[in-house]
Amino acid sequence: MKRKYIALPYLIWMTAFIVLPLVFVAYYAFTTKAGGFTLSNVFAIFDSLHIKATILSLGLSLSCTVLCLLVAFPLALVLRRIHLNHKGLIIIILILPMWMNSILRILALQMILSKNGILNMILEWLHLAPVEIINTPAAIILGMVYDYLPYMILPIYNSVMDIDQDLIDASSDLGARFGYRLRHVILPLSKPGIISGITMVFIPCLTSFVIPDILGGGKIQLLGNVIEQEFITSMNWNLGAGLSFALLIFVIIGLIFTQKHETKYKESRVW
Amino acid sequence: MVKLKDFFCKFYVAIIMLFLYAPIMVLIVSSFNSSKSRVLWGGFTLEWYQQMLNSSIVIGALRNTVVLAVGSAFFATIIGLLASIGIDAMRKKEFSIVMSITNIPMLNADIVTGIAMMLLIFRFMPLGFSSIMLAHITFNIPYVILNILPRFNQMDISTYEAARDLGAGPVTSFFKVVLPDIIPGIVAGFFMAMTMSMDDFVITYFTKGAGVNTLSTMIYGQIKKGIQPTMYALSTMIFAVTILLLITINLITLPKKSGKNKPR
């Protein structure tokens, strides 16, 4: 028996539970309730009602991704510098928060950020002006950064830790200053991690509906909220599937972008 | 100068750790807070822990969550291990097709995965506990594969061939030679799968039937009415058990590791 046939149970599972469900989404997306063919469900994303949510979602996810990147990349460099290279420990520290229920953690963030919350109590005690960011897009971005930062740190940390110190030493021996080393040695070598971090953060941000629900005070509608309501409240599965399908197209565009930048083909790993 | 730089580096790490762990601290403190008001401290109490243990609804949700996490991680690990053995032997073209599809549940939006599973399962059977289990196994398998597959790459195939040359059958060689090499990947994959299942809300929310609750969906249902402090108690307990488990696992495996690992 050839070794690759051992993967057969998975291949069957994969077809039944990964590929087939997406076919179902496409089926619902392109049909009406009565069963006729339609394009209106997918193009509903450009309705004046939904386009606002789409643009806001794209804007917030983009801000969140950039912020995560700006925090995570220096952190990875710092972790490398202070020789915290017990890889397992760092990974555990970053994954551990996920064992506290994610919705509760967002609610705790709400307690911290709310008008009479812990942050403002501390600021008052320090005789500083209170901040009012709860129920604003800024609070949603902060919540997204909080929730998804580990997904950005882990892949970047992995690729930064894999950089051979000899390469960095060689470049500095040859006279490259920090800025030059960063741009021409460290950054190109950590690119796979950065790209994978960006996809791991951007897509969940784009579609989260719990964070805007809690930190946006229910007033700010993102793409995820719209889809959720179509399915749960309005029971319009076809429209919901159409919007999901449009979302899927965003994801596929993102995937093509990632695949193109995949340098080593057998080492596409997330963590 | 170097010392100052090191100080800033450590300060930066500390700030980010504070950001990641502050909400968790708030939740742990809240679980011992006798005041139901969420911000003010009303004195130490264990009342919520007691209430939690006496509530059959809470215990039911906890049981569902744990059974889902352990069960889905178990099945995902078996399917993922078999898949990795096979995928590793595939040619480049097959490999990239299978891996692209494997990446879908990880890279796709949770809400789309959840809805897709719901639309499929709803066609063939009523939504309930088993539909959540199917969904969890599905989104866990990729994490298992991505943890095991790199181990095969790092493994020296000639040890397996040597075992075969010396007369061991393929199954014996696998268990005696290959398995010890990939077991860290299997453990990491299992743990990651359990974490993902525990932390999931969106996919569970869409694939669950009426009346079935996990911790996440129960908490979500309480948001509008106000969260019961028993939820803080329950989450704190799960968190504490996890930390204890991790420490135990580390204490058991650490002596072996430090002998094998070369210092960098």
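Model, not experiment: these values are computed from the prediction.

Description of the overall build of chain A
Each helix and strand counted, chain A has 13 helices and zero strands in total. Counting from the amino terminus, chain A carries its helices and strands in the arrangement α-α-α-α-α-α-α-α-α-α-α-α-α. Seen along its three principal axes, the alpha-carbon backbone of chain A occupies a region of about 70 × 70 × 30 Å. By residue count, 52% of the 271 residues in chain A fall in the buried class. A separation threshold of at least 6 residues defines the contact pool for chain A, and within that pool the share at least 24 residues apart is 72%. In the structure as shown, chain A presents an accessible area of about 12800 Å², 68% of it carried by carbon and sulfur atoms. Within chain A, the 14 negative side-chain charges are centred at a point lying 7 Å from the centre of the 19 positive side-chain charges.

Things to note about empty space enclosed by the protein
Residues and elements named next belong to chain A. Considering all chains together, one arrives at six cavities of 30 Å³ or more under this definition. Per-element tally for the lining of the largest cavity: the top contributor is helix α10 (residues 191-207), with five residues. Residues belonging to the lining of the largest cavity are distributed by class as follows: 22 nonpolar, five polar and five charged.

Here's the deal with the environment of Thr-204 of chain B
Looking at the element boundaries, Thr-204 of chain B is found in helix α9 (residues 202-207). In this structure Thr-204 of chain B comes out as buried when scored by relative accessible area, which is 1%.

Observations regarding the interface of chain A and chain B
Contacts between the two partners involve 85 residues from chain A and, on the opposite side, 91 residues from chain B. Summing both sides of the interface, chain A and chain B together bury roughly 8500 Å²; the carbon and sulfur share of this comes to 77%. The three residues of chain A that bury the most area against chain B are Tyr-10, Trp-99 and Met-100 of chain A, which together make up 10% of that side's buried surface. Summed over the shared surface of chain A and chain B, the number is four salt bridges. Taking the shortest distance from any N to any O, the salt bridge between Glu-94 of chain B and Lys-4 of chain A comes out at 2.8 Å.

Points about unusual backbone geometry
Residues and elements named next belong to chain A. The backbone of Asn-135 sits at a positive phi, close to 65°, despite the residue not being glycine. Of note in this structure, Met-235 is not a glycine but carries a positive phi near 55°. Take Met-235: it is sitting in the loop between α12 (223-232) and α13 (237-261). Judged by its relative accessible area of 47%, Met-235 is partly exposed.

Concerning the pattern of salt bridges
Under the counting rule described, the total for this entry stands at six salt bridges over all chains. Glu-94 of chain B is paired through a salt bridge with Arg-91 of chain B; the nearest N and O atoms lie 3.7 Å apart. Exposure remark for Glu-94 of chain B: the relative accessible area of 24% places this residue in the partly exposed category. One network of salt bridges, in which partners are shared, links Lys-4 of chain A together with Arg-91 and Glu-94 of chain B.

Section: the confidence of the model for chain B
Reading fine detail from the predicted coordinates is not recommended where pLDDT is low. Of all residues in chain B, 94% attain a pLDDT of 70 or more, and the chain-wide mean is 87. For residues 256-264 of chain B, every residue scores under 50 in pLDDT, and the model assigns this stretch two contacts once sequence neighbours within four places are set aside.

A look at a nonpolar patch on the surface
A cluster of nonpolar side chains, namely Leu-4, Phe-7, Phe-8, Phe-11 and Ile-15 of chain B, defines an oily patch on the protein surface of about 530 Å² accessible area. Tracing the backbone through its elements, the reader meets Phe-11 of chain B in helix α1 (residues 2-31).

Brief notes about helix α5 (residues 102-113) of chain A
Residue and element names in this part refer to chain A. Look at α5: 17 Å from first C-alpha to last across 12 residues, which is about the 16 Å you get at 1.5 Å a residue. Burial analysis of α5 places 12 of its 12 residues in the buried class, the great majority of the element. Within α5, the full set of buried residues consists of Ser-102, Ile-103, Leu-104, Arg-105, Ile-106, Leu-107, Ala-108, Leu-109, Gln-110, Met-111, Ile-112 and Leu-113. Among the residues of α5, the N-terminal cap falls to Asn-101, whose side-chain oxygen and the backbone nitrogen of Ile-103 are separated by 3.0 Å.

Topic: the confidence of the model for chain A
All names here are of chain A. In this model, chain A carries a mean pLDDT of 85, and residues with pLDDT of at least 70 account for 93%. Within chain A, helix α4 (residues 87-95) has the poorest average pLDDT of any element, 80, and helix α1 (residues 8-29) the best, 93. Across residues 263-271, confidence stays below pLDDT 50; counting only partners more than four residues off in sequence or on other chains, it has 22 contacts.

A look at the packing of aromatic side chains
For the coordinates displayed, the defined rule picks out 27 aromatic pairs over all chains. Where Phe-209 of chain A meets Tyr-220 of chain B, the ring centres are 6.4 Å apart and the plane angle is 90°; that geometry is what we call edge-to-face. With Phe-209 of chain A in the loop between α10 and α11 (210-215) and Tyr-220 of chain B in helix α10 (residues 215-222), this pair bridges two chains. The same class applies to Phe-209 of chain A and to Tyr-220 of chain B, which are both buried. Ring centres of Phe-231 of chain A and Phe-206 of chain B lie 6.2 Å apart, and the angle between their planes is 80°; on these two criteria the pair is classed as edge-to-face.

What to know about the side chain of Asp-200 of chain B
Tracing the backbone shows Asp-200 of chain B in the loop between α8 (170-199) and α9. Buried charge without a partner: Asp-200 of chain B forms no salt bridge, and the closest opposite charge is Arg-105 of chain A, 11 Å away. Beyond its immediate stretch of four places on either side in the chain, Asp-200 of chain B contacts Asp-110, His-136, Phe-139 and Ser-216 of chain B.

Quick look at the packing of α5 of chain A against α10 of chain B
Their axes nearest at 8 Å, the elements α5 of chain A and α10 of chain B cross at an angle of 35°. Across the interface between the two elements, Ile-103, Leu-104 and Leu-107 of chain A of α5 of chain A pack against Ser-216, Ile-219 and Tyr-220 of chain B of α10 of chain B. Its residues assigned to classes, the contact of α5 of chain A with α10 of chain B shows five nonpolar, one polar and no charged.

Some thoughts on a negative patch on the surface
Together, Asp-164, Asp-166, Asp-169 and Asp-173 of chain A give the surface a local cluster of negative charge. Its relative accessible area of 33% is what places Asp-169 of chain A among the partly exposed residues.

Side note on the nonpolar core
Residues Tyr-10, Phe-209 and Phe-231 of chain A together with Ile-87, Ile-111, Leu-119 and Phe-206 of chain B are the most contacted members of the largest nonpolar core, which totals 173 residues. Of the residues forming this core, the biggest block, 16 residues, is contributed by helix α7 (residues 137-161) of chain A. Among residues more than four places away in sequence, those in contact with Tyr-10 of chain A are Ile-18 of chain A together with Ile-79, Ala-83, Ile-87, Val-98, Thr-102, Ile-141 and Ile-145 of chain B.

So, how was this worked out
Residues numbered from 1 in each chain as written. Chains lettered and ligands numbered in written order. Predicted model: local features only at pLDDT ≥ 70, side-chain atom pairs only at ≥ 80, totals over all residues. Heavy atoms only, no water. Helix = DSSP H or I, 4+ residues; strand = E, 2+ residues; numbered from the N terminus. Buried < 20%, exposed > 50% of the residue type's maximum accessible area, 1.4 Å probe, protein only. Contact = heavy atoms within 4.5 Å. Areas by Shrake-Rupley, 256 points an atom, 1.4 Å probe, with all protein chains shown as cover. Lys, Arg positive; Asp, Glu negative; His and termini not counted. Charge placed at Lys NZ, Arg CZ, Asp CG, Glu CD. 1 Å grid on protein atoms, 1.4 Å probe; cavity = no way out; pocket = protein on both sides within 12 Å on 5 of 7 lines; lining within 4 Å. Points joined across faces, edges and corners; volume = space filled by probe spheres on them. Nonpolar A, V, L, I, M, F, W, Y, C, P; charged D, E, K, R; others polar. Buried area = accessible area lost by both parts, 1.4 Å probe. Salt bridge = Lys/Arg side-chain N within 4 Å of Asp/Glu carboxyl O. pLDDT = per-residue confidence, 0-100. Patch = residues over 30% accessible without salt bridge, like charges linked within 9 Å, V, L, I, M, F, W, Y side chains within 5 Å. Expected span 1.5 Å × (residues − 1). Polar contact = N/O pair within 3.5 Å; in protein donor to acceptor, adjacent residues only side chain to side chain. Phe/Tyr/Trp six-rings, centres within 6.5 Å; stacked < 30°, edge-to-face > 60°. Axes fitted to C-alpha atoms, helices over the stretch in contact; angles between N-to-C directions. Core = buried A, V, L, I, M, F, W, Y, C linked by side-chain atoms within 4.5 Å.

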